[in-house]
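An overview of the molecular structure
One letter stands for each residue in the lines below.
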Amino acid sequence: MTTPTQYALIIGSGFESFAGQRRSHEKMTRFGHPSAAVHEAVFEGRSLLTLARHGEGHSIAPHLINYRANLVALQELGAHSVIALNTVGVVSALRQPGELAMPDQVIDYTWGREHTVYDGSDGVVEHIEFTEPFAQGLRQRLLEAAVAANIDCHDGGVYAAMQGPRLETAAEVGRLQRDGADYVGMTAMPEAAIARELGLEYACLALIVNRAAGLGDGPIHADIESSILAAREQAMALLQQFFISA
Ligand code: HPA
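What comes next concerns the included structure. Small disclaimer: the values here were computed from a predicted structure and weren't measured. (Residues numbered from 1 in each chain as written. Predicted model: local features only at pLDDT ≥ 70, side-chain atom pairs only at ≥ 80, totals over all residues. Heavy atoms only, no water.)

1. Details of the site of the ligand
The cut-off we apply is this: Put simply, a residue is near a molecule or strand once any heavy atom of it comes within 4 Å of that molecule or strand. The term polar contact refers here to a pair of N or O atoms within 3.5 Å; inside protein, the definition further demands a hydrogen-donor-capable atom paired with an acceptor-capable atom, and it admits residues adjacent in sequence only when both atoms are side-chain atoms. The accessible surface values rely on the Shrake-Rupley method and a 1.4 Å probe; as for residues, cover is taken only from the protein chains in view.
Close to the ligand lie Thr87, Val88, Gly89, Leu167, Glu168, Val184, Gly185, Met186, Val209 and Asn210. Between the ligand and Glu168 there is a distance of 2.7 Å, counted from a nitrogen atom to a side-chain nitrogen or oxygen. Within the side chain of Asn210, one N or O atom sits 2.6 Å away from a nitrogen atom of the ligand. Alone, the ligand offers 260 Å² of accessible surface; in the complex the protein occludes 93% of this.

The structure is reproduced here in structure tokens:
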């Protein structure tokens, strides 16, 4: 008998309360403490690990998240596959706020973050392949769940990872457009690269919550407030379907 894949969900604000939480693990890793306790949950009959990326009270800024400790903690608790929920702004005409997307590429504009497990401490370094930054198999399974649940989730697109925590200037968004980005967020990198270094299967489910700076009609936060609920509801429905059929 094969062991079922142990999934982990890295969650942003609003997803903290997953039904059926059973145990919490306060982990200490070789890279320090993760953002929060890792919860074991049962979701649609499947065991699942959950971790709040920004901490339980959403108090950790994107550049201060200990991405390495988060992923090592999940791996040490048995995770093989990581579904990352990331809110994003939309840069191209691909999608609208309130919708979902499954990016397939990344451009990393972040700086100064601890971005690799190869920190020299054990004399080992590997140059991982990152041509396809997100695991195709997991992406496909998530996209199939979207189709089965009748949810419109865009397949593909380029995620631009920005340093934050401030939002972009209009000129920066213009540059992202010229660079070929479709979505802009602050957390998929270095998370995706560290996951690859650790051998974890990792995909990003992006919740589009606003038009990027300079592209909307009004304040960005108003855009976010009016679309985050719709994006969250669809993400939950997609995940429900995914775990029913996983
Ligand atoms: N820019 C960067 N990160 C984001 C945005 C944005 O417009 N929306 C949600 N996360």
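Past the structure itself, the notes keep going.
2. Digging into the layout of surface pockets
Rules: For each structure, a 1 Å grid was placed over the protein atoms alone; sets of points admitting a 1.4 Å probe that cannot get out are labelled cavities, open sets with protein on both sides within 12 Å along at least five of seven lines are labelled pockets, and lining residues have an atom within 4 Å of a point. Grid points are joined across faces, edges and corners, and a volume is the space filled by probe spheres set on the points. Working definition: helices are DSSP H or I runs of at least four residues, strands are E runs of at least two. Numbering for both runs from the N terminus. In the scheme used here, Gly and all other residues not listed as nonpolar or charged are polar, with Ala, Val, Leu, Ile, Met, Phe, Trp, Tyr, Cys and Pro taken as nonpolar and Asp, Glu, Lys and Arg as charged.
Of the volumes computed, that of the largest pocket is approximately 590 Å³. Around the largest pocket, the lining comprises 28 residues; the ones closest to its centre are His54, His58, Thr87, Met186 and Ile224. Counting only elements with at least two residues in the lining of the largest pocket, the list comes to strand 5 (81–90), strand 10 (183–185), strand 11 (201–211) and helix 5 (220–245). Tallied by class, residues from the lining of the largest pocket come to 14 nonpolar, 11 polar and 3 charged. In this structure, the second largest pocket occupies an estimated 170 Å³ of space. Lining the second largest pocket are Tyr109, Trp111, Met162, Gln163, Gly164, Arg166, Glu168, Glu172 and Arg175. Of the residues assigned to the lining of the second largest pocket, the class counts are 3 nonpolar, 2 polar and 4 charged.

3. Quick notes on the environment of Asn86
Heads up, the condition is: Contacts were defined at the residue level, with two residues in contact if any of their heavy atoms lie within 4.5 Å.
Relative to the helices and strands, Asn86 resides in strand 5. A sequence separation of 75 residues divides Asn86 from Ile11, and the C-alpha atoms of the two residues are 7.5 Å apart. Apart from the residues within four sequence positions on either side, Asn86 is in contact with Arg53, Tyr159, Thr187, Ala188, Glu191, Cys204, Leu205, Ala206 and Leu207. A polar atom in the side chain of Asn86 sits 2.9 Å from the side chain of Thr187.

4. Topic: the packing of aromatic side chains
For the record, the criterion: Two aromatic rings, drawn from Phe, Tyr or Trp (for Trp, its six-membered ring), form a pair once their centres lie within 6.5 Å of each other, and the interplanar angle then sorts them: stacked below 30 degrees, edge-to-face above 60, tilted otherwise. Here the term buried applies to any residue with accessible area under 20% of the maximum for its type, exposed to any over 50%, and partly exposed to those in between, with areas from a 1.4 Å probe on protein chains only.
Per the counting criterion, the structure on display carries 5 aromatic pairs. Judged by centre distance (5.2 Å) and plane angle (80°), the rings of Tyr7 and Phe242 are edge-to-face. With Tyr7 in strand 1 (residues 7–11) and Phe242 in helix 5, this pair connects stretches of sequence that are 235 residues apart. On the basis of relative accessibility, which here comes to 3%, the residue Tyr7 falls in the buried class. The structure contains a cluster of three or more aromatic residues connected by ring pairs, namely Tyr7, Phe43, Phe242 and Phe243.

5. Description of the nonpolar core
Generally speaking, soluble globular proteins have nonpolar side chains that are buried together. The cut-off we apply is this: For this analysis, a nonpolar core means a set of buried residues of the types Ala, Val, Leu, Ile, Met, Phe, Trp, Tyr and Cys, connected via side-chain atoms within 4.5 Å.
Leu71, Leu74, Val82, Tyr159, Leu198 and Tyr202 are the most contacted members of the largest nonpolar core, which has 39 residues in total. Contributing elements (two or more residues each) for this core: strand 1, strand 4 (46–52), helix 1 (67–76), strand 5, strand 9 (158–161), helix 4 (188–197) and strand 11. Setting aside its immediate chain neighbours within four residues, Tyr202 contacts Val82, Ala84, Phe134, Ala135, Leu138, Ala188, Glu191, Ala192 and Ala195. Counting residues in each nonpolar core, the second largest holds 29 residues, with Ile151, Ile228, Leu239 and Phe243 among its members.

6. Some points on helix 4
Of all 10 residues that make up helix 4, 9 are buried, and the element is covered over most of its length. Of the positions making up helix 4, those classed as buried are Ala188, Met189, Pro190, Glu191, Ala192, Ala193, Ile194, Ala195 and Glu197. Buried residues along helix 4 sit against strand 1, helix 1, strand 5, strand 7 (105–108), strand 9 and strand 11. Looking one or two residues past helix 4, Gly199 carries a phi angle of roughly 80°, positive in sign.

7. A look at helix 5
Just so we agree on the cut-off: Given the number of residues in a helix, its expected span is that number minus one, multiplied by 1.5 Å. Here the bend at a residue means the angle between the axes of two seven-residue stretches, the one that ends at it and the one that starts at it.
If you check helix 5, its first and last C-alpha atoms are 36 Å apart, about what 26 residues at 1.5 Å a residue would give, namely 38 Å. Taking the largest bend as the criterion, helix 5 deviates by roughly 40°, centred on Ser227. Among the residues making up helix 5, those that are buried are Ile220, Asp223, Ser227, Ile228, Ala231, Ala235, Leu238, Leu239, Phe242 and Phe243.

8. Here we look at the side chain of Ser227
Within the secondary structure, Ser227 sits in helix 5. The exposure class assigned to Ser227 is buried, which follows from its relative accessible area of 6%. Within polar-contact distance, the side chain of Ser227 engages the backbone oxygen of Val209 at 2.6 Å. Of note is the side chain of Ser227, whose polar atom sits 2.7 Å from the backbone oxygen of Asp223. Dropping the residues within four chain positions of it, Ser227 is found in contact with Pro97, Gly98, Val209 and Asn210.

These figures come from the coordinates and say nothing about function on their own.
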